[in-house]
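# Observations on chain architecture
Single-letter residue listing:
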Amino acid sequence: VAWAPGGSGGAVIASCGEDKQVLLWCQAAVGGAWTCKKLPESEVVVWRVSWSVDGSVLATTTADGSTMLWKEGMDGSWKSTQTLPA
C-alpha cells in the first residue's frame, strides 16, 4: 500500500497483491466517499507499489522483477508509460 503525496484536499492510495491486481483508491475531498479504479491485470503477482515525489507517476514491481511506470491521462484513465525489465 502506498499513499500518493500532495493533492488538493483529496487522496489516492495504491494497493497491490497476489491477485495480480493494482487498485487505486481515490477520495476527491476529505471525508468524501472512496472510489476504486483498477489498472490492467498483471501477468504475474504484483509485489510493490510506489509513487513519484509529486504523485504523478506510480511504479509497480512484479514477481518477475520487472517494473512498470503508470501515469494518469487527461481522461482519468491510467496507462503504462514504460516497462523496465528485470
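Residues numbered from 1 in each chain as written. Predicted model: local features only at pLDDT ≥ 70, side-chain atom pairs only at ≥ 80, totals over all residues. Heavy atoms only, no water.

### Observations regarding the pairing of strand E2 (residues 11–16)
Inclusion rule: If DSSP finds at least two bridges between two strands, the strands pair. Under the DSSP-based scheme used, a helix requires at least four consecutive residues in state H or I and a strand at least two consecutive residues in state E, with every element numbered from the N terminus.
Note: strand E1 (residues 2–3) against E2, two bridges, orientation antiparallel. Pairing of Ala 2 across the sheet is with Ala 14, part of E2. Connecting E2 to the next strand, strand E3 (residues 22–27), in antiparallel fashion are five residues, including Lys 20 with a positive phi near 70°.

### What about the environment of Gly 17?
Counted only if it meets this: Three labels apply to residues, based on accessible area from a 1.4 Å probe with only protein chains included: buried if under 20% of the type maximum, exposed if over 50%, partly exposed otherwise in between. Only heavy atoms matter for contacts: two residues are in contact if any of them lie within 4.5 Å across the pair.
Tracing the chain through its elements places Gly 17 in the loop between E2 and E3. Classification of Gly 17 by relative accessible area gives buried; the value is 18%. Contacts of Gly 17, omitting those with residues within four sequence positions, involve Val 45 and Val 46.

### Observations concerning the confidence of the model for the protein
Just so we agree on the cut-off: Per residue, pLDDT measures the predictor's confidence, with a range of 0 to 100.
Looking at the protein, the pLDDT average stands at 92 and 97% of residues meet or exceed 70. Mean pLDDT across the elements of the protein bottoms out in strand E8 (residues 78–84) (93) and peaks in strand E5 (residues 46–51) (97).

### Some details on the packing of aromatic side chains
Just so we agree on the cut-off: For Phe, Tyr and Trp, where Trp contributes only its six-membered ring, two rings pair if their centres lie within 6.5 Å, and the inter-plane angle classes them as stacked under 30 degrees, edge-to-face over 60, or tilted in between.
In this structure the tally under the stated criterion is two aromatic pairs. With centroids separated by 6.3 Å and ring planes inclined at 75°, the aromatic side chains of Trp 3 and Trp 34 adopt a geometry described as edge-to-face. Placement of the pair is Trp 3 in strand E1 and Trp 34 in strand E4 (residues 34–38), with a sequence separation of 31 residues. For Trp 34, a relative accessible area of 38% puts it in the partly exposed group. Ring centres of Trp 51 and Trp 78 lie 5.8 Å apart, and the angle between their planes is 70°; this geometry places the pair in the edge-to-face category. Of the two residues, Trp 51 sits in strand E5 while Trp 78 sits in strand E8, which places them 27 residues apart along the sequence. The pair formed by Trp 51 and Trp 78 is uniform in burial state, with each residue classed as buried.

### Section: the sheet that holds E2
In space, the four strands of this open sheet follow the order E1-E2-E3-E4, with antiparallel pairing throughout. Two strands bound the open sheet, and with one partner strand each, they are E1 and E4. The sheet contact formed by E3 and E4 spans five bridges and is antiparallel. Each bridged residue has a counterpart across the sheet, and for Leu 24 the counterpart in E4 is Lys 37.

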